[in-house]
Amino acid sequence: MHAWINRSIKEHQAAFAAGEYTSRELTSAFLKRIEEKEPSVGAYLTVDAEGALREADASDARRRLGVPLGPLDGIPYALKDTFCTVGLRTTCASRMLEHYVPPYDAEAVSRLRRAGAVLLGKLNLDEFAMGSSTEHSALGNTRNPYNSDCVAGGSSGGSAAAVAAGECVFSLGTDTGGSIRQPAAFCGVMGLKPTYGAISRYGVIALASSLDCVGILSRCAEDGEIVLSVLAGKDEKDATSRAYLPSSIPSRPLRVALVADFLRDGMIAEEIRALLLESAERFRKKGAQVGEISLPSPMRALAAYSVLTAAEAASELGRYDGIRYGFAGAGEDLENRYVSSRGESFGREVKRRILFGTYVMTGSRREEIYNQARRVRGDVKASMEKILTEYDLILAPATPTVAFAAGAQRSPAEMYCSDLCTVCGSLAGLPSLSVPMGKNMEGLPMAVQLTAAPFSESLLYHATALLEVSHESSGI
Ligand code: GLN
């Protein structure tokens, strides 16, 4: 393996500036790494070697000519295949969009291009971001870089596996209920779900718009912060995006709230419980005050999340009708055309959620189920906001277990439980970071999760230093 690929963004930039290597040389090293690792990892759905080398050459030319450089100039990265990329197919890991080539870039992609970053390709996911293992992809099989018998997590499994396996410097993912934080935890990298609205969702294929966030998977905190500074901010094309007003890091000792619900017997695996307690201890040793708090039942939050995302997904996915774009089935009339287009191209999990979402929105069930879920969401939000008036950080596990075996026949309900630790932050729209904390006895990564008040992403990244997370701890 080429030693360059483990370096941070700042280290690459220093190497470019010193003439140690060019962006073309670095990009070529990553393309070679992708070739070596893909047979066992399978993170990429599309590798755009030609496009990447073209962008790398343009970056090298800017440097030679003394043109002002962007904050990510020459840095190779990759995207979850939910981000529209002009001229490059964007599949959402679905047969429905298998051949879809967007005529425009997502806003996040435009911002990365303007910052000079080099796009290597598009990464695998659970179809339409529905899942927790990337096994629901219709187009590929992604495995955990630490153990190819295990899943990479999901739905941003390709994004996490690619960073962990050294197949890109950083990647973007999306997180609706945990889809960045959970795979980041399974693959031992940093995964940030920012404050809802901090990064534009324009051009990002939706799962549930009131919860979807664009976020960042990186090897270290510093890289994550640099990428966030490029992406965050108001975008007129996304009405839910907001001006980014970062809050400052307190200069007094931090107050950390440990979520006691997860310490109860049987809630999470024993090794993760031990890690959580050890993390609290590390905070204490660094002078933080640690107290225990309780959330409104995480199981209720999970149920509410399932109802709300299914309801929104059923409506978001209504646009795939086989007429405007995407897979077009045969049919002698409109009705049959809809049925064949959607019936033949959506996978089981997508269909399950469309049916469930339609069910909870119909007739009296709207009041009984959907509105009840909205009330639970309100309770979760209010209680987390209250906790954050007394504490700076909420400390919780990122996942209930380490990466599970690929191909294990998990029921949909069991699969949904993977989000137990992450959905509360999503329902409340708060920034939340999955922090890799070393490996278990079998060599699989384990992680904790930090959540803070809106626009406190810097605090989250800063706090990783108190947990003594080193740059070397991320990636293989
Ligand atoms: N695993 C969750 C789900 O299947 C998370 C999805 C997501 O965050 N995109 O709903």
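Structure first, text after, so check above.
The rules behind each value
- Residues numbered from 1 in each chain as written.
- Predicted model: local features only at pLDDT ≥ 70, side-chain atom pairs only at ≥ 80, totals over all residues.
- Heavy atoms only, no water.
- Salt bridge = Lys/Arg side-chain N within 4 Å of Asp/Glu carboxyl O.
- Helix = DSSP H or I, 4+ residues; strand = E, 2+ residues; numbered from the N terminus.
- Buried < 20%, exposed > 50% of the residue type's maximum accessible area, 1.4 Å probe, protein only.
- Pairing = 2+ DSSP bridges.
- Axes fitted to C-alpha atoms, helices over the stretch in contact; angles between N-to-C directions.
- Contact = heavy atoms within 4.5 Å.
- Phe/Tyr/Trp six-rings, centres within 6.5 Å; stacked < 30°, edge-to-face > 60°.
- Lys NZ or Arg CZ within 6 Å of the ring centre and 35° of its normal.
- Near = heavy atom within 4 Å.
- Polar contact = N/O pair within 3.5 Å; in protein donor to acceptor, adjacent residues only side chain to side chain.
- Areas by Shrake-Rupley, 256 points an atom, 1.4 Å probe, with all protein chains shown as cover.
- Nonpolar A, V, L, I, M, F, W, Y, C, P; charged D, E, K, R; others polar.

## Structural notes on the pattern of salt bridges
- According to the stated counting rule, one finds 29 salt bridges in the structure shown.
- Here Asp 392 and Arg 252 are joined by a salt bridge, their closest N and O atoms 3.0 Å apart. With Asp 392 in the loop between helix H12 (365-390) and strand S11 (393-397) and Arg 252 in the loop between helix H7 (221-231) and strand S9 (255-259), the pair connects residues that are 140 residues apart, well separated along the chain.
- Judged by its relative accessible area of 37%, Arg 252 is partly exposed.

## Things to note about the sheet that holds strand S13 (residues 445-451)
- Reading across from one edge, S1-S3-S2-S6-S8-S7-S12-S13-S11-S9-S10 is the order of the 11 strands in this open sheet, with mixed pairing throughout. Since the sheet does not close on itself, it has two edges, and those belong to strand S1 (44-47) and strand S10 (289-293), each with one partner. Recorded for the sheet is a direction-independent mean angle of 25° between the axes of neighbouring strands.
- With three bridges connecting them, strand S7 (residues 190-193) and strand S12 (residues 432-439) associate as antiparallel partners. Paired with Gly 191 across the two strands is Ser 434, which belongs to S12.
- Packed onto the sheet, H7 meets strand S6 (170-175), S7 and strand S8 (213-218) and runs at close to 145° relative to S8.

## Notes on the packing of aromatic side chains
- Under the criterion given, the structure shown has 11 aromatic pairs.
- Ring centres 5.3 Å apart and planes at 75° place the aromatic pair Tyr 244 and Phe 455 in the edge-to-face group. Within this pair, whereas Tyr 244 is found in the loop between H7 and S9, its partner Phe 455 is found in the loop between S13 and helix H15 (457-466), the two being separated by 211 residues in sequence.
- Chaining the aromatic ring pairs together yields one cluster made of Tyr 100, Phe 128, Tyr 320, Tyr 325 and Phe 346.
- Lys 237 extends its terminal NZ or CZ atom over the ring of Tyr 202, reaching a point 5.0 Å from the ring centre.
- Directly above the aromatic system of Tyr 359 lies the positively charged group of Arg 365, at a separation of 4.0 Å from the ring centroid.

## Digging into the pairing of S8
- Of all six residues that make up S8, six are buried, and the element is covered over most of its length.
- Because side chains alternate across S8, one face comprises the buried residues Cys 213, Gly 215 and Leu 217, and the other comprises Val 214, Ile 216 and Ser 218, equally buried.
- By the bridge criterion, three bridges tie S7 to S8 in an arrangement that is antiparallel. Residue pairing in the sheet places Met 190 in a bridge with Ser 218 of S8.

## Here's the deal with the site of the ligand
- Around the ligand, the surrounding shell holds 14 residues, and the nearest of these are Thr 176, Gly 177, Ser 179, Tyr 305 and Arg 353.
- For the ligand, a nitrogen atom lies 2.9 Å from a polar atom in the side chain of Ser 132.
- Within the contact set of the ligand, an oxygen atom lies 2.7 Å away from a side-chain nitrogen or oxygen of Ser 179.
- Relative to its unbound accessible surface of 290 Å², the ligand loses 99% to contact with the protein.
- Classifying every residue of the shell around the ligand gives four nonpolar, seven polar and three charged.

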